[in-house]
Amino acid sequence: MKEFGYSGKNRRRVLIVDDEEINRLILGRMIAEKYDPEYAENGEKALELLQDPSKRYSLILLDLWMPVMDGFDLLGRIRSDEELSNIPVIVMTSEKAAEARSIKLGADDFISKPYRSPEVIKARCDRIIQLYENRKILRSAEKDTLTGLYTREFFNEYIIQIDTFDSQMDMDALVLNIEHFHMVNEMYGRSMGDKVLGCVGEILRELFGDSVFIACRPDADYFYMYISHRDDYDTVFARFNSELSAVTDIPVIRYRVGIYEHVEKSNTIEERIDHAKLACDGVRGDYTKPISFYSKELHEVDLYHERLVHDIDEAIFNRDLIVYYQPKYDITGDTPRLRSAEALIRWKHPELGMISPGDFIPLFENNGLIQKLDHYVWAEAALQVRKWKVRHGISIPVSVNVSRVDIYDPDLKNRLSSIVKENKLTTDELMLEITESAYADDAKALIEVVEQLRGMGFKIEMDDFGSGYSSLNMITTIPIDVLKMDMKFIRNMNRDEKSLKMVELVIDIAKFLKVPVVAEGVEDASQVETLKGMGCDVIQGYYFSKPVMPQEFEEFIIEEVRRRKKAEKK
Ligand code: C2E
Ligand code: MG
Ligand code: MG
């Protein structure tokens, strides 16, 4: 076995326990070329040093006859201590009779006094240290057969050894994840999936062969690495990319790497990996940038997110989560008519202040908490529609956002229908907005759910249309009731030709599908004019109003009631 599998100085610490100073010095000098000797003049002093948690000894060279605490006594204590029993002990003696007793107590080898051949002594030290370390490694070693990399336990054990024996070495922690790995299995078969994982292991070992490098595969498609610091990750991973495609024959295998550079050794191994993982998860979905570095700011964001996750239940309970409403106006006639509203959540945090959904919706979508939040919003919105209906005698339907996580919930239909029933509404008074990108995930499953909801009378609006990747073919087969155009086209419409063309195209698609089109993010009169000219049906945006509290929204309803009355009189 190659010594510890990595190059480096590997200076191990050896404790020499002898009451004679001259003996300590002779022995120390003999081994100093390769090891760092430390000294104790009796068993008690030795025990003190051995119990210092900042030090790790690879070998004890032990004299037997000493004052205060002798070698037998110390040996007994070492062998009965769980931690210390992992350290080999070579006894130094001139008496044959003492050998049997020390063997019984757990000595591993002997060196006879007086010391004659330094070569023999050094060789014995080497052999016993190697034996112990290999044994320890073998005990926990179980290589991952697929990748040839280590298991998590072994990986951890190795990091401890590197930290201990090369404590000054500047190290980086890396986490690599193969994205959508299940897709590789599904598209090319499991054996191809296995091959990809095997190749990843092999390529990583080869690419980092010139560094101190260890890696493990703790989980299906995750790889952890601990590497002596380097500055060329961009080039290395570009090579990783091309080699992986070449050997697997799969043109694009997406992966993400999170790197925690110059690890803080006072952090636990778990923390170092967590930092790298945080950076890794941070680049999720950004295909142009597969590598991301851990930073203090990232950590702050993570802490902030943790806080939000922690506080969500309390926020619901204390009603710090407030549903705002933004009006949608029908612009097809001479005067705009209030048609409906969109429910948009706001979080009035007692300590952090107002938090916008952009800060917590993506987070809750990732960890599943979005369901809890959406259920709350749906119930609030339905209750609000009911209240307005009773108070003003007209029905202003409200659209709620439905996340992709909600769609796969088998209880979704029941929940929505009971919310509607409880508030004595019809299903078309609570409309459902589903973002276009959700359709791209698993179009078949989604279409099935959408069909069922439409069958129950719910109206489905496709949100952010144009931001996702739906093909024209898919659009024509998808069952929807309203198209909501992505805001970015509107924003740039009066500035660039391409956006204007996109707006035209989306309106044409809507016409072709025979569904109304809603333009979101409309802020000024010129946009309204252009959209109206193109045949856009409905407008939502600051031009009419920002999302507002229910009390404020009531003004729009009152105005609408007035308008209707006036129209009736005509
Ligand atoms: P969305 O569903 O596309 O909502 C439209 C967003 O555009 C809202 O942002 C709205 O305030 C903003 N907006 C409307 N008109 C204008 C305008 O004229 N100019 C500009 N600059 N912005 C305008 P908001 O409220 O920050 O919500 C952001 C996203 O968060 C929403 O996008 C939606 O995807 C999500 N979201 C909000 N509330 C909920 C909720 O209760 N559940 C779920 N699942 N998602 C929600
Ligand atoms: Mg929406
Ligand atoms: Mg939208």
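See the structure above.
Residues numbered from 1 in each chain as written. Chains lettered and ligands numbered in written order. Predicted model: local features only at pLDDT ≥ 70, side-chain atom pairs only at ≥ 80, totals over all residues. Heavy atoms only, no water.

### Section: the packing of helix α7 (residues 181–188) against helix α8 (residues 190–207)
Right, so step 1: Running from N to C, α7 and α8 point in directions that differ by 135°, and their axes come no closer than 6 Å. As the angle between them shows, α7 and α8 are arranged oblique. Contacts from F181, V184, N185 and Y188 in α7 reach R190, M192, G193, V196 and L197 in α8.
Right, so step 2: When grouped by side-chain class, the residues that make up the contact of α7 with α8 number six nonpolar, two polar and one charged. (Axes fitted to C-alpha atoms, helices over the stretch in contact; angles between N-to-C directions. Helix = DSSP H or I, 4+ residues; strand = E, 2+ residues; numbered from the N terminus. Parallel < 35°, antiparallel > 145°, perpendicular 65-115°, else oblique. Contact = heavy atoms within 4.5 Å. Nonpolar A, V, L, I, M, F, W, Y, C, P; charged D, E, K, R; others polar.)

### As for helix α2 (residues 43–50)
Right, so step 1: Looking only at α2, the buried set comprises G43, A46, L47 and L50. The buried residues of α2 all sit within an arc of 100° when viewed along its axis, so they share a single face.
Right, so step 2: Tucked inside the fold, the buried residues of α2 contact β1 (13–17), β2 (36–40), β3 (57–63) and α3 (71–80).
Right, so step 3: Where α2 begins, the side chain of N42 points an oxygen toward the backbone nitrogen of E44, at a separation of 2.9 Å. (Buried < 20%, exposed > 50% of the residue type's maximum accessible area, 1.4 Å probe, protein only. Arc of directions from axis to C-beta. Polar contact = N/O pair within 3.5 Å; in protein donor to acceptor, adjacent residues only side chain to side chain.)

### Structural notes on the coordination of the magnesium ion (ligand 2)
Right, so step 1: Here the magnesium ion (ligand 2) is held by E342 (OE), N401 (OD1), E433 (OE) and D463 (OD), and the distances to it run 2.0 to 2.3 Å.
Right, so step 2: Donor residues for the magnesium ion (ligand 2) sit on one chain with the sequence pattern E-x58-N-x31-E-x29-D.
Right, so step 3: Between the magnesium ion (ligand 2) and the magnesium ion (ligand 3), the interatomic distance is 4.0 Å, and D463 donates to each metal, bridging them. Taken together, the residues E342 in strand β12 (residues 337–349) and N401 in strand β14 (residues 398–402) connect sequence positions 59 residues apart. (Donors = N, O, S within 2.8 Å, 3.2 Å for Na, K, Ca; no water.)

Treat this as a map of the structure, not an account of what it does.
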